[in-house]
Each structure stands twice: as structure tokens, then as C-alpha cells.
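Reading the structure
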Amino acid sequence: MSGMSAGRPALRMGPAELVQAAAMARRFYLEGKSKIQIAEEFGVSRFKVARVLETALERDLVRIEIRVPAELDAERSDALRSRFGLRHAVVVESPAEEEESPDPESLGEVAADLLGELVDEGDVLGLAWGRSTIHMAAALDKLPPCTVVQLTGVYDAGTAERGSVEAVRRAAQVAGGEAHPIYAPMLLPDPATAAALRNQTGIARAFEYFDKVTVAAVSIGSWEPGISTVHDMLSEEERAHYASLGVAAETSAHLFDAEGRRVGRDLGERCITVEADRLRRIPEVVAIAGGGRKAPAIDAVLRSGLVTSLVTDTAAADQLLAAAPPPRPALDRADPDEPGDA
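Sequence order sets the numbering: in each chain, residues are counted from 1 along the sequence as written. Selection of residues for local features in this predicted model requires a pLDDT of at least 70, selection of side-chain atom pairs for listing and counting requires 80 or more, and totals for whole chains, interfaces and linings are taken over all residues. Excluded from the side-chain calculations are hydrogens and water; all other atoms, namely the structure's heavy atoms, are used.

For the protein, the name recorded in an unreviewed UniProt entry is Transcriptional regulator, with Streptomyces gougerotii as its organism. UniProt, in its Sequence similarities (unreviewed entry) section for the protein, records the words "Belongs to the SorC transcriptional regulatory family." UniProt positions are given in the numbering used here, feature names are shortened, and annotations may be inferred rather than shown by experiment.

What follows is about the overall build of the protein. Helix and strand content of the protein: 14 helices and eleven strands. The rule is simple: take the accessible area with a 1.4 Å probe, protein chains only, and divide by the maximum for that residue type; under 20% is buried, over 50% is exposed, in between is partly exposed. With 342 residues in all, the protein has 49% of them scored as buried. Whether two residues touch is decided by their heavy atoms; if any such pair falls within 4.5 Å, the residues are in contact. Residue pairs in contact within the protein that sit at least 24 positions apart in sequence constitute 68% of those at least 6 positions apart. For the protein, the accessible area works out to roughly 15,800 Å², and carbon and sulfur atoms hold 49% of it. Only DSSP runs of H or I with at least four residues qualify as helices, and only runs of E with at least two residues qualify as strands; both kinds are numbered from the N terminus onward. Note that accessible areas follow from Shrake-Rupley with a 1.4 Å probe, and for residues the cover is restricted to the protein chains shown.

Next up on the list: the sheet that holds strand β10 (residues 284–288). Taken in spatial order, the seven strands line up as β1-β11-β10-β5-β2-β3-β4 in an open sheet, and their pairing is parallel. Each edge of the open sheet is held by one strand with a lone partner, namely β1 (88–92) and β4 (179–180). Bridging between β10 and strand β11 (residues 309–313) involves three bridges; their strand directions are parallel. Bridge pairing in β11 links Ile288 to Val311. Of the strands in this sheet, β1 and β11 are in contact with helix α4 (residues 74–84), which crosses β1 at around 145 degrees. Following DSSP output, two strands are said to pair if at least two bridges run between them. Note on method: axes are straight lines fitted to C-alpha atoms, helices fitted across the in-contact stretch only, with angles between N-to-C directions ranging 0 to 180 degrees.

What follows is the structure, given as C-alpha cells:
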């Protein structure tokens, strides 16, 4: 709110009205008093106070400014939340030179602040593999005491210490809670090897926490080189096979077509990852993804019913806002493969 201004419209009020309106506005906007308290002080009804405050706004006696940090786009954020029926949508300004770059690091910084708001003491925080979640964990500077569990294996077991394992340790360190990392690759050669690894003590212990996760952070990948770790882990023949099924996006090693329906379910049998149905049951799932090239993939995952909130950038948000709205709000957590009520 700016200071009081007696511009031309305000001069149409008499001097007594001006003084009273200014005093009431100061009590209400600057001192935080209620309309009832102001009414008692001035000896008028609260309805009179409400009319005076409304007139003060109309006559430009009071000016209200809504300011958010320059890097946040409040208008796009609210529009995106409304269009997809999300609990939270946070849109970050993307520099012109990075509009096509996937997952700029600024997304991780904003996501770290969002997690600081969403996680409560005693929660179980789940982190899935992804560049954006790794950036987020590195930016964390506050979390209530909570347990942190890894939701997927790693892209490359040889880089575990610099990837999602380190992200889980970092988050747990900030929170002062237990860490449950997974020392295993995300993708295995066959279902039997994956099943054997899931039964190993450390991995099985992490899996036991999956049903206890209350807040999760996941990334989103497009089905193209360099923008999906799952895509990059597969052979050319396998990539072509899944592409023929219409895959448009992946998250936590689950594949989706443009309508958010799961495809290539056999891939999940070879992966160390939280099951899609378990992910859907987690109360708060925050997806972190941005860049114009990722917009169609983000759209697909938002239609899947797996996520409740999104941190993205303006380059992706503009494309998402231009797309047709989904048939069901994200908060319905509806599986597009299941018949719905709508």
C-alpha cells in the first residue's frame, strides 16, 4: 500500500470525509485493526466503515500494490493452478536465452523454498531422481524435522554420491532427520534382477517407507535425448519401441502418452522406483520441470493424476496455458486408465 494521495478524484470528498477516510484506512491497512474495532473507535457501524474503505479505494485515496519477487510470475502461477486444478503452481521467470533449456537451476531454488512451506515436522519426504530435484536439494536451507527417503534408483550407480543419494542425504541433514537412500541403478537388465535388488535389506527398508511418504518431489522428462534420463538409459531399439506406443513423458521411470495414460508398463518391472499407484496416494506430489521443450511432457504428467503441485517457468507455462484444459482437475488424482465419474 502506498501513502495517502489526495488526487483530483479524492477532492470531491469534503475535508471531514477525507480526514476520516484516511484515518480509517490507516487503522485498517497499516495497523491491522478490524472493521468492528474501527467502528467502535469512530462511533459508527461496521457497514459505514466498509463503505468508507471502499470509497477510499475508488477515489484513489488508498492505493494497494501486490508485489512478489521479480523472478516469480504471480498471474501465470494463478492461471496455471486454476486451469489444471492444482494445489500449488509456481511460475518462475525464464531468461530469454534459457527458454528452451530444460529445468533451469532457478526452479530448484524456488522448489526448495516451496518444500520449506509444505513439509511439517514428522512428515516423510520422498525424493525421486532428476536434475531438478538434485538442484532443489542443493538449494535447501530449511526443513522441519522429517525423514527423507529416496523414491527411485539412480541414473548411474557410479554417480550416486553426486546425484539423488547425495540429494537425500542433504535434505535429511537440513531437516535433522533420518535418510533412507537407495544404492542401486534405476534401470536393470531384466525384471528378475530388479526383483532381487528390491529384496536387498537397504533397498527393502527404503521401499517400506513409500506408503508413509506425505510430500514428494519428482522431475519430468520428455521422450528425447538429454531431457529424459530413462530415455538415455535405453537402447535405440527400446527407445523406438516405446516411442511407437506414443510415449510423450516420463516421471520416476513411468511412461505416459499425451493424455496422461500410462504406456510401456513392462519398463517398470525392470526399474527400482516407487509404483505409480503409490505415488498417486501420496498427499502432496510436487513436480519440478521447465523449459519450452518440456511443456508437452509436463502437460501429459499433469493429466496423469500423479501430481498435485508444479514448479515451472514462463516458457513452459505459456504453452501449458495455451493447451486444452484437462478433463479432470489434478487434485482429483484420477487415473486416466480408469473409468471416471465425469
